[in-house]
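# Breakdown of the fold
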Amino acid sequence: MRKLVLIGLMALGACGGEERRQTVVTADGGRAEVTTHDDGGAATLNLTGANGEQASFTAGDSARWPNDWPDFAPAYPGAKVQASMGGTSKDGKGGMVSFTTGDSAEKVIAFYRARAEAAGIRVVTTTEAGGSRQFSATDDTSKRSLSVSATSEDGATQVAVVAGMKQ
């Protein structure tokens, strides 16, 4: 999958205002289908590997939550997504979302902590320093994990959510 990510990032750099599709052959003979699109508000890159692995990356003003995002980490109400990536493979699914909100870091962390606990995912670590808050949660039985980092400054909060689940 790492090779797919690198191929995709190179293709995204060449993305224009239209959808482009291409098949890329890696040095080891693997194949990946790459689709890029720039709608003027967001650049999107989708990758499909030979074994059905899928990855997507979106960045820009109209970026959105990844498709097939784990339900135990829902979209934050009123979030302005800056970038996202998600992927699925035979081993599981997951991704990362970066967004901003006018809510405090404490409120964002409380939202995701409550969702994790309701889903039976145990909070493992919490950290607070100045305007920054982080927590990580995991459930070894269901193989789900969630990590959230939020930093408030000048009335805005920058958030990164990483969620995943193994098959």
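My aim in this report is to walk through the structure given alongside it, one point at a time.

Conventions used here
- Residues numbered from 1 in each chain as written.
- Predicted model: local features only at pLDDT ≥ 70, side-chain atom pairs only at ≥ 80, totals over all residues.
- Heavy atoms only, no water.
- 1 Å grid on protein atoms, 1.4 Å probe; cavity = no way out; pocket = protein on both sides within 12 Å on 5 of 7 lines; lining within 4 Å.
- Points joined across faces, edges and corners; volume = space filled by probe spheres on them.
- Helix = DSSP H or I, 4+ residues; strand = E, 2+ residues; numbered from the N terminus.
- Nonpolar A, V, L, I, M, F, W, Y, C, P; charged D, E, K, R; others polar.

### Quick word on empty space enclosed by the protein
- One pass over the full model with this rule turns up 1 cavity of 30 Å³ or more.
- The space that makes up the largest cavity amounts to roughly 30 Å³.
- Contributing to the lining of the largest cavity are Pro-66, Asn-67, Asp-68, Trp-69, Pro-70, Gly-86, Gly-87, Thr-88, Lys-93 and Gly-94.
- Counting residues per element, the ones that place at least two in the lining of the largest cavity are strand E5 (80-89) and strand E6 (92-101).
- If one sorts the elements of the lining of the largest cavity by residue count, E5 sits on top with 3 residues.
- Grouping the constituent residues of the lining of the largest cavity by class yields 3 nonpolar, 5 polar and 2 charged.

### Thoughts on the layout of surface pockets
- Quantified by volume, the second largest pocket comes out at close to 250 Å³.
- Lining the second largest pocket are 18 residues, and of these Asn-46, Gln-54, Ala-55, Ser-56 and Asn-67 sit closest to its centre.
- Secondary-structure elements contributing two or more residues to the lining of the second largest pocket are strand E3 (42-49), strand E4 (54-60) and E5.
- Within the lining of the second largest pocket, the residues separate by chemical class into 6 nonpolar, 10 polar and 2 charged.

Read these as geometric descriptors, not functional statements.
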